[in-house]
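Read off the chains here:
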Amino acid sequence: MAQRTGCMIAIDGPAGSGKSTVARAVADRVGYTYIDTGAMYRAVALMAMRRGLDVEDDAEEIGALASELDFEFRATDAGAQHLFVNGEDVEREIRTPEVGNHSSPVSAIPRVREHLVAAQRAMARRRPVVMEGRDIGTVVFPDALLKVFLTASAEERARRRYTELHQRGEDVSYREVLAAQKERDERDSNRAIAPLRKAEDAVEVDTDDMTVEDVVHHVMGLLVERLRESDEQGA
Ligand code: DC
């Protein structure tokens, strides 16, 4: 697949819509770099929790904290990708339900978003990326070559997340996962800046009755179409 500068796939959607799995698989297939922006918001939440900062009372400190963090995604020997923050591998810690729940209010702090969006744009400056999150197509890369908005019903998304957490050995019930997800969806969709929203020119894909392979295949088809269109426009 062509390695062009500024070529960019944005994948947005709510928690549990399959963004990470699909974005990682598409990135692998086309040889682009996969960037999970949710991991970065989770890392800010983790660092704030470690310092005992409160989201309501210490929003300013959390904003300042975000500006001190250096983010780097590194491939592991096992073929996975881990997020390193100021040189520390935080991958395991950022995946707990507690950090996940905390990351939603942290991501609504304007200065946190400002720093993270700048870091995300810098990561994509010199290499083609598949970037997934909530605001990639609307705010971070409004000029992305391809924008995909993944959806699935709340129950199906909670079921997927529950299975994932159980496989990781987390002791949570399906009802807890569904309740936490609803709260997070609500907050992520209604916050003042960069709410979760489908970009007007994004292709919406409802994944309820699709396998991961189906979705990846569909996104690959859309990408080939976009690359052809952009070649024709450039010709
Ligand atoms: O995708 P995730 O569950 O790992 O994301 C964690 C939180 O970060 C989620 O509550 C929404 C927020 N987030 C965001 O506001 N913008 C992004 N681009 C990615 C995630």
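So, a few notes on the structure that sits alongside this text. It should be emphasised that the depicted structure is a prediction, and the values quoted were computed from it without experimental measurement. (Residues numbered from 1 in each chain as written. Predicted model: local features only at pLDDT ≥ 70, side-chain atom pairs only at ≥ 80, totals over all residues. Heavy atoms only, no water.)

**What to know about the site of the ligand**
For step 1, the next point in the chain: Near the ligand you find 15 residues, and of these Arg42, Arg113, Arg134, Asp135 and Arg191 are the closest.
For step 2, the next point in the chain: Arginine 42 has a polar side-chain atom sitting 2.6 Å from an oxygen atom of the ligand.
For step 3, the next point in the chain: The separation between an oxygen atom of the ligand and a polar side-chain atom of arginine 184 is 3.1 Å.
For step 4, the next point in the chain: Look at the ligand: alone it shows 450 Å² of surface, and the protein chains cover 97% of it.
For step 5, the next point in the chain: Breaking the shell around the ligand down by element, the ones donating at least two residues are helix H2 (37–50), helix H5 (97–106) and helix H9 (174–190).
For step 6, the next point in the chain: Tallying contributions element by element places H2 first for the shell around the ligand, with 4 residues.
For step 7, the next point in the chain: Here the shell around the ligand is built from residues that sort into 1 nonpolar, 6 polar and 8 charged. (Near = heavy atom within 4 Å. Polar contact = N/O pair within 3.5 Å; in protein donor to acceptor, adjacent residues only side chain to side chain. Areas by Shrake-Rupley, 256 points an atom, 1.4 Å probe, with all protein chains shown as cover. Helix = DSSP H or I, 4+ residues; strand = E, 2+ residues; numbered from the N terminus. Nonpolar A, V, L, I, M, F, W, Y, C, P; charged D, E, K, R; others polar.)

**Some thoughts on the environment of glutamate 68**
For step 1, the next point in the chain: Relative to the helices and strands, glutamate 68 is located in the loop between helix H3 (59–67) and strand S3 (71–75).
For step 2, the next point in the chain: What makes glutamate 68 partly exposed here is its relative accessible area of 48%.
For step 3, the next point in the chain: Separated by 18 residues in the primary sequence, glutamate 68 and asparagine 86 place their C-alpha atoms 8.5 Å from one another. (Buried < 20%, exposed > 50% of the residue type's maximum accessible area, 1.4 Å probe, protein only.)

**Looking at the pattern of salt bridges**
For step 1, the next point in the chain: Scanning the model with the defined rule gives 17 salt bridges in all.
For step 2, the next point in the chain: The closest approach of N and O atoms between glutamate 183 and arginine 187, which form a salt bridge, is 3.0 Å. With glutamate 183 and arginine 187 both in helix H9 and 4 residues apart, this pair spans about one turn of that helix. (Salt bridge = Lys/Arg side-chain N within 4 Å of Asp/Glu carboxyl O.)

**Things to note about the packing of aromatic side chains**
For step 1, the next point in the chain: Under the definition given, this model contains 1 aromatic pair.
For step 2, the next point in the chain: Each ring, one from tyrosine 162 and one from tyrosine 174, has its centre 6.3 Å from the other, and the planes form 85°; the classification is edge-to-face. A residue pair is termed long-range when its members are at least 10 positions apart, and tyrosine 162 in helix H8 (residues 154–167) and tyrosine 174 in helix H9 qualify at 12 residues.
For step 3, the next point in the chain: Note on tyrosine 162: relative accessible area 25%, which makes it partly exposed.
For step 4, the next point in the chain: Here the guanidinium or amino end of arginine 74 rests over the ring plane of phenylalanine 84, the centre of that ring lying 3.9 Å away. (Phe/Tyr/Trp six-rings, centres within 6.5 Å; stacked < 30°, edge-to-face > 60°. Lys NZ or Arg CZ within 6 Å of the ring centre and 35° of its normal.)

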